[in-house]
Amino acid sequence: METMITVEHLTKRYGDYVAVDDVSFTSKPGRVTGFLGPNGAGKSTTMRIIAGLTPATSGTATVDGTAYRDMPNPATEVGVLLDASAQHAGRTGAEILRLSAMTLGVGKGRVEEMLDMVSLTPEESGRRVRNYSLGMRQRLGIANALLGNPRILILDEPANGLDPAGIHWMRTLLRDYADRGGTVLLSSHLLHEIEIIADDLVVIGHGRIVAQGTKEELLAGNGTRVRSLDDDALLRAMTAAGIVARPVAEGGFLADVAPEVIGRLAARVQIPLVELRPGDGANLEQMFLDLTAATARESTTTQGARP
Ligand SMILES: Nc1ncnc2c1ncn2[C@@H]1O[C@H](COP(=O)(O)OP(=O)(O)OP(=O)(O)O)[C@@H](O)[C@H]1O
């Protein structure tokens, strides 16, 4: 069976307030799923429910059909980093990992391996966590999440506090993890990061899903959407002409030039087109702002910020 996170009709109410409202999505193996939404949209709540830390009001969240709470040794199935600051402040980083390793039944060698992987030096891992910088806490949290060698990672804002080299490192780590068949669900406010790393996107606003799909589907645009009666030949012709074209899920391509250029090329190589139109998407930031405009807390004015 595939190692997949499945969220179905998940709802969470706090009194009259609906924090998560009928949310359904899947996060698939071999793919990084980016979970996006404005502050207070319900991302952390959804992730906490998946990780068994908060009960749902209704609906289900499962991993391979099993709820996190029902797994015999969940940390060997699902690695979770939800709040890096919540780690025991009085313990050293190494102590925290050794305790987790004991609970999980993994060897001490794995602790050293993970510390090395997240680039915490022996001196740093010997310091108490209260003296860690935010980026160091994130690194420790990622080490903790990976300790049990899980096939699924759930990370809430893992890039928070990481320096540029750290963000690059994390990107490489998660890409490699997914490429080896792992499932990654991560939330982030760093849209540029998500744009680079995510394969699939789930966008949430006011507790409701406002868009989901592959990154290509959601960001298709700015160039030209083209489909023909012979897409293989069209791709060869576009490539030969130096045009960059990405296949899209519904069929055909998104090419990085204007429709007229594609129209002329298709006429020259005599390939009948069945679709030719400007791509209608934008970058992730624009998509995010458009999709969540109705649920955003701020207007676009910055007037009040002027001195
Ligand atoms: N224990 C709680 N009691 C009452 N309301 C809560 C509780 N936990 C979360 N909420 C509310 O649920 C909503 C969703 O919060 P959540 O932390 O899931 O948002 P988020 O999308 O992760 O936001 P951010 O991007 O700011 O981290 C918020 O309005 C929050 O105040």
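Just so we're clear, the structure is a prediction, and the values are computed from it rather than from any experiment.

Draft legend 1. Quick peek at the nonpolar core. Leu36, Ile142, Leu174, Leu186, Leu201 and Leu284 are the most contacted members of the largest nonpolar core, which has 47 residues in total. When residues of this core are assigned to their parent elements, the largest contribution, seven residues, is made by helix α6 (residues 164–179). For Leu174, the residues in contact, after removing those within four places along its chain, are Val32, Leu153, Leu155, Val184, Leu186 and Ile197. Val7, Val23, Ala41 and Leu185 belong to the second-largest nonpolar core, a separate cluster that totals 23 residues.

Draft legend 2. The arrangement of the sheet that holds strand β10 (residues 224–228) in detail. Taken in spatial order, the four strands of this open sheet run β11-β12-β10-β13, and their pairing is antiparallel. Only two strands of the sheet have a single neighbouring strand rather than two, namely β11 (245–247) and β13 (273–278). Neighbour-to-neighbour, the strand axes of the sheet open up by a mean angle of 20°, direction not taken into account. Two strands pair when backbone bridges link them, and β10 and strand β12 (residues 253–255) are joined in this way by three bridges, in the antiparallel orientation. Looking across to β12, one finds that Thr224 is bridged to Ala255. The strands touched by helix α10 (residues 259–269) are β10, β12 and β13; relative to β13, the strand with the most contacts, the crossing angle is about 160°.

Draft legend 3. Structural view of the pattern of salt bridges. Per the stated rule, a full pass over the model turns up 14 salt bridges. Across the pair Asp21 and Arg208 runs a salt bridge whose closest N-O atoms are separated by 3.0 Å. Of this pair, Asp21 sits in strand β2 (residues 17–27) while Arg208 is found in strand β9 (residues 208–214), placing the two residues 187 residues apart along the sequence. Take Arg208: its relative accessible area is 44%, and that puts it in the partly exposed class. Among the salt bridges present, the one from Arg264 reaches Glu260, with a minimum N-O distance of 3.1 Å. Here the residue Arg264 and the residue Glu260 both occupy positions in helix α10, the gap between them amounting to four residues, near one helical turn. For the pair Arg264 and Glu260, a shared accessibility class is recorded, and that class is exposed. Linked by salt bridges that have partners in common, Asp64, Glu77 and Arg151 make up one network.

Reading the values: rules and limits
Residues numbered from 1 in each chain as written. Predicted model: local features only at pLDDT ≥ 70, side-chain atom pairs only at ≥ 80, totals over all residues. Heavy atoms only, no water. Core = buried A, V, L, I, M, F, W, Y, C linked by side-chain atoms within 4.5 Å. Buried < 20%, exposed > 50% of the residue type's maximum accessible area, 1.4 Å probe, protein only. Helix = DSSP H or I, 4+ residues; strand = E, 2+ residues; numbered from the N terminus. Contact = heavy atoms within 4.5 Å. Pairing = 2+ DSSP bridges. Axes fitted to C-alpha atoms, helices over the stretch in contact; angles between N-to-C directions. Salt bridge = Lys/Arg side-chain N within 4 Å of Asp/Glu carboxyl O.

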